[in-house]
Amino acid sequence: MFIQVWLLPFALLATAAIVSIPLSSYLVWIMDGKYKPLPVMEWFEKKLNNGPQNWKQYMGSLLIFNTLLFIFGFLVLALQPYMPLNPDGKTMIAPSAIFNSIASFMTNTDLQHYSGDQHLSNFSQIFFGISNLFISAAIGLSALTAIIRALRSDKFMGNFFVDMWRVVVYMFVPIALIFATIFIHQGSPMTFKSSYQVTTLEQGSMGKTDKGEAKPQTIVVGPVAAFEAMKMLGTNGGGFYGMNSAHPFENPTAVSNFFNMLAMMIFPFALVLMYGKMVGNIKHGIVIYIVMLFLMACTIIWSVYFDTLKPNPALTQHAAKIFSISNPNLPNGRINIAIPALSSLPVDQHTGNLEGKEIRFGTSAGATFAALTTDVTCGAVNAESDSLNPLAALAPMVGMWLNCVFGGKGVGMINMLMFIIIGIFLAGMMVGRSPEYLGKKIEGREVKLSIIGLLVHPLMILLPVGFFAATSWGMNAISNPGAHGFSQMLYQFSSASANNGSAFDGLGVTYGFWNNPNPAPEAVYWDIATGLVMIFSRFLPIIAMVAMAAYLGEKKTSPFGMGTLRTDTITFGILLLGTIIIVGALLFLPVAVLGPIAEHFGPIPFGG
């Protein structure tokens, strides 16, 4: 049982932890500019470098660059019918879907209200998809590097364009090449060809033409291995195919599945150690690392236990029940509803809930992937999240709500920094001491900026979920009634705000091509709402935390005293863990009760 269920998650955690140690040293070497570039590279870097930047100039460059990226993405998708590498004649997708897709890929979210293999040409997959997989991931890592320089009181935050160059060229390209080679070896396509027309083994299984001839099967291909490598390394998550990493071309074997999951873990793991090394306190980085690792292990164990080790309740026997609900139209204000007994279906469930799972990866691979992909804000999936047992689905939601369990490139550590500042401030207030971080006093301005960054996330989830749940925009989109339908909406906005990108795919949010006569009825509203949530949730916390680091870094360093709360001890680790859990519970426990918890204890399996 241990080997079948627990070997995969433990092997992944151990391998990622081992790889993150040398990788973190390499990241420090690159971002501190200690490397010696080739002459051609050095010449190009000098052309990019327009001088050192303070925090306002750095953020200005970042925002202007993203604005240009938005315009470029719009042009690529809008002009898709006229671009090369489109032999299948794919037309333009709907304008609202274009807005949502650009916002999604630009913010490293990759929430897809379209299906890549159906709606995008290879030109769009390369110049919109793959290019954003590199660039959006590099933006978050660059922002973290700027924060680190500010916290260690560097005179400037560096140069945004040079940082982007370093991340893409010296980190992502060589490591993506290694992983792409592995995926090609395992069977992922890597070609500019768009599709193949093949004869099926069972003639006519794809239907017949007007002439009565058997239709061939269309197999969509493209530069899948390159897409897959950076999709996972950049914790982007957007799939080349609609089935994402459950598709046999994106993820052909159990070996490729292991490297898919490893790829999305190594940079988030290494960046925490890089943070400790660059601020000159590696023990502090290790404490943060252990707290994150503990939270990740908890979400994985929870997900695997309640999904892989528990049967699907929709297939098990249930006794008859009578429950009472409020009804103001009746004299006593209550109504009794009888639920008839349900007999079990003849399905062997000794290996747990296998609905929506790819068995070729192993029985626990789907639940493990579901927890990991939200912990590191990747969003790729190798199983159907909508089919997780109710309590198992709580694990990926918690990963998105906390949004700091390693997280994505840079932004995960940035989000953790909010909890660090708030935790130290609360501890200082409780003992009557001036709170300090890295030897610098935390004052009102730093706390306010941290609170602003922290509150953006719950506001961008709870407000739109409440609005959509109360209107036809949400009710017409859900595919399940009751608590599960609420969970679908809750998961969608949680994924958008966490810049994660995974989804409960039962939600009707796809418009498709601009001339689609039957789009999902509320697709436009979901496109616009989640698009705005992704943009605000991406950039507002980054701006707030860059400003906070700049103001904190300007202060003089105070020597450690008897009343100083050291940040490299077990005590600090417990304080940080408690802050994350308490703040997270206060913000999201009510909606957790309305969604997956209510579904688990509901009168009918999976809501109703």
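The coordinates are above.
Caption draft 1: Fine view of the overall build of the protein. If you tally the helices and strands in the protein, you get 18 helices and six strands. By residue count, 57% of the 608 residues in the protein fall in the buried class. In the protein, the share of contacts with a sequence separation of at least 24, taken over all contacts with a separation of at least 6, comes to 79%. Surface exposure of the protein reaches about 24800 Å², of which carbon and sulfur atoms provide 68%. The averaged location of the 29 negative side-chain charges in the protein is 12 Å from the averaged location of its 32 positive side-chain charges.

Caption draft 2: Region of interest: the packing of aromatic side chains. Scanning the model with the defined rule gives 34 aromatic pairs in all. Between the aromatic rings of Trp-43 and Phe-44, the centroid separation amounts to 6.4 Å while the plane-to-plane angle is 55°, which identifies the pairing as tilted. The exposure class of Trp-43 is exposed, given its relative accessible area of 53%. With a centroid separation of 4.0 Å and 10° between ring planes, the pair formed by Trp-473 and Tyr-525 is classed as stacked. Residue Trp-473 is found in helix α15 (residues 472-475), and its partner Tyr-525 is found in helix α17 (residues 523-553); the two are separated by 52 residues along the sequence. An aromatic cluster of at least three residues, connected via ring pairs, comprises Phe-467, Phe-468, Trp-473, Phe-493, Tyr-525 and Trp-526. Positioned above the aromatic ring of Tyr-196, the side-chain terminus of Lys-193 is 5.0 Å from the ring centre. Its end group placed over the ring of Tyr-551, Arg-445 keeps NZ or CZ at 3.7 Å from the ring centre.

Caption draft 3: Structural view of the environment of Thr-199. Tracing the backbone through its elements, the reader meets Thr-199 in the loop between β1 (195-198) and β2 (217-220). Take Thr-199: its relative accessible area is 61%, and that puts it in the exposed class. Through-space distance from the C-alpha of Thr-199 to that of Gln-217 is 6.2 Å; in sequence the pair is 18 residues apart.

Caption draft 4: Fine view of the pattern of salt bridges. Tallying each qualifying case throughout the model produces 14 salt bridges. Note that Arg-566 is salt-bridged to Asp-568, the shortest N-O span being 3.3 Å. Each of Asp-32, Arg-152 and Asp-154 takes part in one network of salt bridges that share partners.

Caption draft 5: Molecular detail of the nonpolar core. Grouped together as the largest cluster of nonpolar side chains are 146 residues, with contacts concentrated most on Phe-172, Tyr-275, Met-296, Met-416, Ile-420 and Tyr-437. Ranked by residue count, the leading element in this core is helix α6 (residues 122-151), at 17 residues. One finds Ala-370, Ile-461, Phe-468 and Met-489 within the second-largest nonpolar core, a separate group that totals 34 residues.

Caption draft 6: The arrangement of the packing of helix α3 (residues 55-78) against α17 in detail. It is the contact of α3 with α17, at a shortest axis distance of 10 Å, that shows an interaxial angle of 165°. Here α3 lies roughly antiparallel to α17, going by the angle between them. Handedness of the crossing formed by α3 with α17: right-handed. Facing α3, whose interface residues are Trp-55, Met-59, Leu-62, Leu-63 and Asn-66, α17 presents Phe-539, Ile-542, Ile-543, Val-546, Ala-547, Ala-550 and Tyr-551. Across the contact of α3 with α17, the residue classes break down as 11 nonpolar, one polar and no charged.

Procedures and definitions
Residues numbered from 1 in each chain as written. Predicted model: local features only at pLDDT ≥ 70, side-chain atom pairs only at ≥ 80, totals over all residues. Heavy atoms only, no water. Helix = DSSP H or I, 4+ residues; strand = E, 2+ residues; numbered from the N terminus. Buried < 20%, exposed > 50% of the residue type's maximum accessible area, 1.4 Å probe, protein only. Contact = heavy atoms within 4.5 Å. Areas by Shrake-Rupley, 256 points an atom, 1.4 Å probe, with all protein chains shown as cover. Lys, Arg positive; Asp, Glu negative; His and termini not counted. Charge placed at Lys NZ, Arg CZ, Asp CG, Glu CD. Phe/Tyr/Trp six-rings, centres within 6.5 Å; stacked < 30°, edge-to-face > 60°. Lys NZ or Arg CZ within 6 Å of the ring centre and 35° of its normal. Salt bridge = Lys/Arg side-chain N within 4 Å of Asp/Glu carboxyl O. Core = buried A, V, L, I, M, F, W, Y, C linked by side-chain atoms within 4.5 Å. Axes fitted to C-alpha atoms, helices over the stretch in contact; angles between N-to-C directions. Parallel < 35°, antiparallel > 145°, perpendicular 65-115°, else oblique. Left-handed = near helix turned anticlockwise from the far one by under 90°. Nonpolar A, V, L, I, M, F, W, Y, C, P; charged D, E, K, R; others polar.

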